[in-house]
Amino acid sequence: MSVLYPRRLPVVLLSAFCATGLAAQSTATDLSDAEVAHVAVTANTIDIELARFAQARATDPAVKQFAATMITDHSAVNGQASALAGKLGITPRDNAVSQSLLTSASQARSALEPLHGRAFDRAYLEREVGYHQAVLEALDGVLIPTTSNAELGQLLREARQAVAAHLEHARHLLASRGRGW
Amino acid sequence: MTPATHPSGRWRWLPPAVLGILALSAAGVFLRAGTSSPRRHRVMMQGMAFQPAFLEVTQGDTIVWTNRDIVPHTATSEASPAWTTGALTQGESGRYVARTAGEIRYFCELHLGMRGTIKVR
């Protein structure tokens, strides 16, 4: 069984999340790999739940399709994360960063609630661009380089490829709809 | 004196037989080249891309896509009549037999940036 070592999660991760208002912490936090896993699962779950809301609220078929892909992909990543956690014999551990992510997600949902039609579609895609950009920066800057468990690190690297594709997908949809949207 | 240039007895039949065998062998090789067995080509869905993205095959060949990514993918043709492997999760494979000559462009329905081409000879 692999050993999961405590790791220090530097300010850069929190800064990346702060870039989209996802977190408001300003101090470094010590996180173990089990806590890093929890952050990853939380980040996926947040995007799944927002995508479910978007599927019901969005009007553009391409935006609905994008939301469906977010549900499919982030669910797949969480499934792999759960399987890996079971294999390693660990339970992802709740922590301040995960809580901060949840608080910010709630605020983002509140901001989207009053919107309908094209205004909603655009705001949802803009949120997805910002969110995936922040997660990508966090993965590259902190989560991947500081994760000590090789298998968890590999899972994060594979998830990174999907996150990068999602970011490009959301950017493409926004650009293809133009300014008149 | 026996003429050296005219074999006699039981060896008299040898030159025509050898020529016949050689001719049949050549014909066999030619026929095999013209009707080669269908081949199987592998395409990996890996790193959110089809690898290789371009493939040249012969009519009757089979293309097998295998998903190595942690998220599901499809290989779906752009043109009609459409075909698709359906959603393949990690480790799953889907196949398509190329029966008609031409160029087939395909993509992943879930990740629109993933695109590939098959040239069928």
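Residues numbered from 1 in each chain as written. Chains lettered and ligands numbered in written order. Predicted model: local features only at pLDDT ≥ 70, side-chain atom pairs only at ≥ 80, totals over all residues. Heavy atoms only, no water.

Colleague: Hey, could you go over the layout of surface pockets for me, with residue numbers and the actual values?
Modeller: The computed volume of the largest pocket comes to approximately 260 Å³. As for the largest pocket, its lining consists of 13 residues, of which Ala79(B), Trp83(B), Tyr96(B), Glu103(B) and Ile104(B) are closest to the centre. With 4 residues, the top contributor of residues to the lining of the largest pocket is strand 7 (residues 102–107) of chain B. In this structure, the second largest pocket occupies an estimated 190 Å³ of space. Along the walls of the second largest pocket sit Ala165(A), His166(A), Glu168(A), His169(A), His172(A), Met48(B), Leu110(B), His111(B), Leu112(B), Gly113(B) and Met114(B), which together make up its complete lining. Counted by class, the lining of the second largest pocket contains 5 nonpolar, 5 polar and 1 charged residues. (1 Å grid on protein atoms, 1.4 Å probe; cavity = no way out; pocket = protein on both sides within 12 Å on 5 of 7 lines; lining within 4 Å. Points joined across faces, edges and corners; volume = space filled by probe spheres on them. Helix = DSSP H or I, 4+ residues; strand = E, 2+ residues; numbered from the N terminus. Nonpolar A, V, L, I, M, F, W, Y, C, P; charged D, E, K, R; others polar.)

Colleague: Outline helix 2 (residues 33–57) of chain A, supporting the account with residue identities and numerical values.
Modeller: Given a rise of 1.5 Å per residue, 25 residues ought to cover 36 Å, and the 36 Å separating the end C-alpha atoms of helix 2 of chain A matches this to within 8%. Most of helix 2 of chain A sits out of view: 19 of its 25 residues are buried. (Expected span 1.5 Å × (residues − 1). Buried < 20%, exposed > 50% of the residue type's maximum accessible area, 1.4 Å probe, protein only.)

Colleague: I'd like a rundown of the packing of aromatic side chains, residues and numbers included.
Modeller: Under the definition given, this model contains 8 aromatic pairs over all chains. Ring centres 6.2 Å apart and planes at 0° place the aromatic pair Phe120(A) and Tyr124(A) in the stacked group. Pair noted here: Phe120(A) and Tyr124(A) are both in helix 5 (residues 117–146), with a separation of 4 residues, about one helical turn. With a centroid separation of 5.2 Å and an interplanar angle of 75°, the aromatic rings of Trp65(B) and Tyr106(B) are classed as edge-to-face. Taken together, the residues span a long stretch of sequence, with Trp65(B) in strand 4 (residues 62–67) and Tyr106(B) in strand 7 at a distance of 41 residues. In this structure, Trp65(B) and Tyr106(B) share a single accessibility class: buried. The ring of Phe120(A) has Arg57(A) sitting right over it, with the charged end atom 5.8 Å from the ring centre. (Phe/Tyr/Trp six-rings, centres within 6.5 Å; stacked < 30°, edge-to-face > 60°. Lys NZ or Arg CZ within 6 Å of the ring centre and 35° of its normal.)

Colleague: Tell me about the confidence of the model for chain A, and please be specific about residues and values.
Modeller: Per-residue confidence for chain A gives a mean pLDDT of 84; residues scoring 70 or more make up 82%. Predicted confidence for residues 1–16 of chain A stays below pLDDT 50, and this span has 52 contacts to residues more than four positions away or in other chains. (pLDDT = per-residue confidence, 0-100. Contact = heavy atoms within 4.5 Å.)

Colleague: A description of the interface of chain B and chain A should follow, citing residues and the corresponding values.
Modeller: The interface is formed by 11 residues belonging to chain B together with 15 residues belonging to chain A. Both faces considered, chain B and chain A share a buried interface measuring about 1000 Å² in area, 64% of it formed by carbon and sulfur atoms. Counting the surface chain B buries against chain A, the share from its top three residues, Met48(B), Ile70(B) and Leu110(B), is 51%. The interface formed by chain B and chain A contains 0 salt bridges. (Buried area = accessible area lost by both parts, 1.4 Å probe. Salt bridge = Lys/Arg side-chain N within 4 Å of Asp/Glu carboxyl O.)

Colleague: Give a detailed account of the side chain of Ser98(A), specifying residues and quantitative values.
Modeller: Residue and element names in this part refer to chain A. Position of Ser98 relative to the elements: it lies in helix 4 (residues 96–112). We classify Ser98 as buried; its relative accessible area is 0%. Within the local environment of Ser98, its side chain forms a polar contact with the side chain of His38, the two groups lying 2.8 Å apart. Of the polar contacts made by the side chain of Ser98, one reaches the side chain of Thr42; its length is 3.5 Å. Aside from chain neighbours lying at most four places away, what touches Ser98 is His38, Val39 and Thr42. (Polar contact = N/O pair within 3.5 Å; in protein donor to acceptor, adjacent residues only side chain to side chain.)

Colleague: Please provide a residue-by-residue account of the sheet that holds strand 7 of chain B, values included.
Modeller: The 4 strands lie next to each other as 3-8-7-5 (chain B), forming an open sheet whose pairing is mixed. Pairing within the sheet leaves two strands with one partner each, and these edge strands are strand 3 (54–57) and strand 5 (76–77) of chain B. (Pairing = 2+ DSSP bridges.)

Colleague: Got a sec to walk through the packing of helix 2 of chain A against helix 3 (residues 61–88) of chain A? Specific residues and values, please.
Modeller: All names here are of chain A. As a packed pair, helix 2 and helix 3 sit with axes 8 Å apart at the nearest point and diverge in direction by 155°. Our classification of the angle between helix 2 and helix 3 gives roughly antiparallel. Helix 2 and helix 3 meet at a crossing whose hand is left-handed. Residues Ala40, Val41, Asn44, Thr45, Asp47, Ile48, Ala51, Arg52, Ala54, Gln55 and Ala56 of helix 2 lie in contact with helix 3, whose contacting residues are Lys64, Ala67, Ala68, Met70, Ile71, His74, Ser75, Val77, Asn78 and Ala81. The residue makeup of the contact of helix 2 with helix 3, split by class, is 12 nonpolar, 6 polar and 3 charged. (Axes fitted to C-alpha atoms, helices over the stretch in contact; angles between N-to-C directions. Parallel < 35°, antiparallel > 145°, perpendicular 65-115°, else oblique. Left-handed = near helix turned anticlockwise from the far one by under 90°.)

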